[in-house]
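# Structure at a glance
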Amino acid sequence: MSSATDPHTQQPSEEASTPSAHNPVVTWVLFIVVFGLFIAGLWVMSLYTIAWFLFVIGLLMCILSLFLAFQAIPALLR
């Protein structure tokens, strides 16, 4: 029999850290700005019958809002 201890019964040496709470006002403002940019991008894309390049501009607005929502803002709030 080996003298090694069971790894499942050992307590972790460091506690799991929870992320710090963020200011709810900042969270709501960022949500409104990013969601507004996404909705504005959809609206601009719907104007493609006026000019074809408006679809591309609206698509870029939507892509930018998704990038902000899933990459830039979480890195900023870390």
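Before reading on, note that the structure itself is shown above.
Let me begin by describing the structure that accompanies this report. (Residues numbered from 1 in each chain as written. Predicted model: local features only at pLDDT ≥ 70, side-chain atom pairs only at ≥ 80, totals over all residues. Heavy atoms only, no water.)

### A short note on the overall build of the chain
In terms of helices and strands, the chain carries two helices and zero strands. Buried positions account for 14% of the 78 residues belonging to the chain. Here the contacts in the chain between residues at least 6 apart in sequence split such that 44% fall between residues at least 24 apart. (Helix = DSSP H or I, 4+ residues; strand = E, 2+ residues; numbered from the N terminus. Buried < 20%, exposed > 50% of the residue type's maximum accessible area, 1.4 Å probe, protein only. Contact = heavy atoms within 4.5 Å.)

### Observations regarding the packing of aromatic side chains
For the coordinates displayed, the defined rule picks out four aromatic pairs. Between tyrosine 48 and phenylalanine 55, the aromatic rings sit 6.5 Å apart at their centres with planes inclined by 85°, giving edge-to-face as the arrangement. When its relative accessible area of 37% is taken as the criterion, phenylalanine 55 is described as partly exposed. Taken together, the aromatic side chains of Trp28, Phe31 and Phe35 make up a single cluster linked through ring pairs. (Phe/Tyr/Trp six-rings, centres within 6.5 Å; stacked < 30°, edge-to-face > 60°.)

### Focus: the side chain of serine 65
One can find serine 65 in helix α2 (residues 53-77). Beyond its immediate sequence surroundings of up to four residues, serine 65 is in contact with Val34, Leu37 and Phe38.

### Remarks on the environment of isoleucine 73
With respect to the helices and strands, the residue isoleucine 73 is situated in helix α2. Judged by its relative accessible area of 15%, isoleucine 73 is buried. With 46 residues separating them in the primary sequence, isoleucine 73 and threonine 27 have C-alpha atoms 9.7 Å apart. Ignoring anything within four residues of it in the chain, the contact list for isoleucine 73 reads Leu30, Val34 and Leu68.

### A closer look at a nonpolar patch on the surface
Taken together, the side chains of Tyr48, Trp52, Phe53, Phe55, Val56, Ile57, Leu59, Leu60 and Ile63 present a nonpolar region at the surface, about 930 Å² in accessible area. Accessibility expressed as a relative area gives 54% for leucine 60, which makes it exposed. (Patch = residues over 30% accessible without salt bridge, like charges linked within 9 Å, V, L, I, M, F, W, Y side chains within 5 Å. Areas by Shrake-Rupley, 256 points an atom, 1.4 Å probe, with all protein chains shown as cover. Salt bridge = Lys/Arg side-chain N within 4 Å of Asp/Glu carboxyl O.)

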